[in-house]
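# Descriptive analysis of the structure
What follows is the residue order along each chain.
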Amino acid sequence: ELAHGGTLFLDMIDAASEEIQSQILRVIESKEVRRLGGKSIIPIDVRIIASVHANILEEIREGKFLEELTYAINTLTLKLPPLRQRDR
């Protein structure tokens, strides 16, 4: 709700539990949130940037990451090598 009209950065989304992944997917698809314990639905317009630290395709195969969430957030993929592997 606080990110409405802005950008939300989800770091290490691959470490989130399946329940949290499902909730994130629901919010992305419906573009609505509800406060904890609240009854009213709040429409949101949020850009999402997510990072993963594991091979996401491997995580999907092992059942650790929701394939549907991958499709919902996978618009642009940037692969950045660790600093120790970059040319100076």
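Heads up: the structure comes first, above all this text.
Now for a look at the structure at hand.

Thresholds, definitions, all that
- Residues numbered from 1 in each chain as written.
- Predicted model: local features only at pLDDT ≥ 70, side-chain atom pairs only at ≥ 80, totals over all residues.
- Heavy atoms only, no water.
- 1 Å grid on protein atoms, 1.4 Å probe; cavity = no way out; pocket = protein on both sides within 12 Å on 5 of 7 lines; lining within 4 Å.
- Points joined across faces, edges and corners; volume = space filled by probe spheres on them.
- Helix = DSSP H or I, 4+ residues; strand = E, 2+ residues; numbered from the N terminus.
- Nonpolar A, V, L, I, M, F, W, Y, C, P; charged D, E, K, R; others polar.
- Buried < 20%, exposed > 50% of the residue type's maximum accessible area, 1.4 Å probe, protein only.
- Contact = heavy atoms within 4.5 Å.

Taken as a whole, the largest pocket spans an internal volume of roughly 1600 Å³. If you trace the largest pocket, you find 45 residues lining it, with Ile 13, Ile 49, Ala 50, Ser 51 and Ile 73 closest to the centre. Those elements giving two or more residues to the lining of the largest pocket turn out to be strand S1 (7–10), helix H1 (18–30), strand S4 (47–50), helix H2 (56–61) and helix H3 (67–73). Tallying contributions element by element places H1 first for the lining of the largest pocket, with 6 residues. Broken down by class, the residue content of the lining of the largest pocket amounts to 29 nonpolar, 9 polar and 7 charged.

We now examine the side chain of Gln 21. With respect to the helices, strands and loops of the structure, Gln 21 is situated in helix H1. On the accessibility criterion, Gln 21 (0% relative accessible area) is buried. In contact with Gln 21, other than residues within four places in its own chain, are Ile 13, Asp 14, Ala 16, Lys 64, Phe 65, Leu 66 and Leu 69.

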